[in-house]
Amino acid sequence: LNDTTLQFQIKEFGASDRLLVARDITRLVRLEHTRQDFVANASHELRTPLTVIRGYLETFLDQDLPKPMQRALTQMQAQSSRMEGLVSDLLLLSRLESSQHINDEVPINIHQMLITIHHDAEVISLDKQHQITLDVDSEFDLLGQPQELHSVFSNLVFNAVRYTPENGLISIKWFVDEQGGHFSVTDNGIGIDSIHLPRLTERFYRVDEGRSTATGGTGLGLAIVKHALYRHGAQLTIESQLGKGSTFICHFPPDMLYSTQSRIAQQKS
Ligand code: ADP
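Worth saying up front: this structure is predicted, and the values here are computed from it rather than measured. (Residues numbered from 1 in each chain as written. Predicted model: local features only at pLDDT ≥ 70, side-chain atom pairs only at ≥ 80, totals over all residues. Heavy atoms only, no water.)

## Some details on the packing of aromatic side chains
Between two aromatic rings, the relevant description is the distance of the centres plus the angle of the planes.
So, point 1. Per the stated rule, a full pass over the model turns up three aromatic pairs.
So, point 2. For the pair Phe 153 and Phe 252, a centre-to-centre distance of 6.3 Å together with 80° between the ring planes defines the contact as edge-to-face. Of this pair, Phe 153 sits in helix H4 (residues 146-162) while Phe 252 sits in strand S9 (residues 245-252), and the two are 99 residues apart along the sequence. Neither residue differs from the other here; Phe 153 and Phe 252 are each classed as buried.
So, point 3. Seen from their ring centres, Trp 174 and Phe 252 are 6.2 Å apart, and the 65° between their planes marks the pair as edge-to-face. With a gap of 78 residues between them, Trp 174 in strand S6 (residues 169-177) and Phe 252 in strand S9 connect regions that are remote in the sequence.
So, point 4. Judged by relative accessible area, Trp 174 falls into the buried class, the value being 1%.
So, point 5. Relative accessible area serves as the criterion here: at 1%, Phe 252 is assigned to the buried category.
So, point 6. An aromatic cluster is defined as three or more aromatic residues linked by ring pairs; in this entry it consists of Phe 153, Trp 174, Phe 183 and Phe 252. (Phe/Tyr/Trp six-rings, centres within 6.5 Å; stacked < 30°, edge-to-face > 60°. Helix = DSSP H or I, 4+ residues; strand = E, 2+ residues; numbered from the N terminus. Buried < 20%, exposed > 50% of the residue type's maximum accessible area, 1.4 Å probe, protein only.)

Right, dumping it as structure tokens:
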């Protein structure tokens with residue numbers, strides 16, 4: 001039937017007997033689509049009222065108001081901008097979940113993209129005085145969807161900034177070997193206990209609710225990273241030690257690599 005989804009599994013009995021099991025998962029797939037549609041529509045609908053609220057708050061904050069009222073409005077402004085971040089992350093995530101592969105890949109000037117992210121990271125970590133280094137193998141670019149990959153790399157770099165205390169060291173690298181291209185971010189921040197690692201990329205999974213809320217994250221960053229990488233045929237590995245720091249690495253297969261020379265030649269022609 002057109003609208004039926006079956007899941008097949010082969011079970012082995014002894015040396016020669018095999019059983020093919022077919023499971024009808026149509027209802028599960030439909031439910032998942034309904035959930036995705038609901039999240040996408042709800043996030044979209046929340047956008048407009050939030051923009052209006054923010055507009056009014058900005059107008060009020062321009063007035064000469066009594067101190068307690070100003071404090072309250074500033075709080076409301078901070079919370080509504082947090083909510084805007086959440087809504088746009090939810091929208092992005094539901095878009096990423098809606099299809100399994102990218103089909104609009106282009107050669108990305110990865111050197112330039114990482115210079116921009118590195119610069120942004122330095123700006124947001126000014127008061128923490130981090131030392132952030134960038135090391136790029138500029139012979140190879142990557143084929144991919146630029147906004148999604150920008151989101152992946154900046155989420156990992158900004159997390160390193162968020163979860164690394166003052167005067168920390170953060171190292172950003174893009175390097176290539178026979179297995180493909182690798183983007184890595186290493187920090188010597190607070191680290192993560194190994195019991196949390198298997199669930200870390202789930203939506204809204206947080207190691208420590210209080211700590212994460214204080215740092216201003218939405219709890220969706222690593223879920224976005226995982227889905228965007230999956231769509232690029234890439235994988236994420238996480239190594240971390242509590243109190244010592246973390247390394248997040250994105251592994252891209254060799255067929256996603258593109259020589260920088262070819263990109264430059266293509267741009268000139
Ligand atoms: P959040 O918005 O809470 O940062 P993420 O999905 O980006 O959400 O990350 C999930 C959790 O993983 C965070 O709440 C944090 O506890 C942990 N985490 C992510 N990156 C790091 C890091 N570099 N160092 C320590 N903990 C991290």
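## What about the sheet that holds S9?
So, point 1. The strand order across the open sheet built from five strands is S4-S6-S7-S9-S8, with neighbouring strands paired in mixed fashion. The open sheet has two edge strands, strand S4 (131-136) and strand S8 (235-241), and neither has a second partner. Between one strand axis and the next, the sheet turns by 10° as a mean value, whatever way the strands run.
So, point 2. In this structure, S8 lies alongside S9, joined through seven bridges in antiparallel fashion. Following the sheet pairing, Leu 236 is matched in S9 by Cys 250.
So, point 3. Along the sheet, helix H3 (residues 110-124) makes contact with S4, S6 and strand S7 (180-187), crossing S4 at roughly 180°. (Pairing = 2+ DSSP bridges. Axes fitted to C-alpha atoms, helices over the stretch in contact; angles between N-to-C directions. Contact = heavy atoms within 4.5 Å.)

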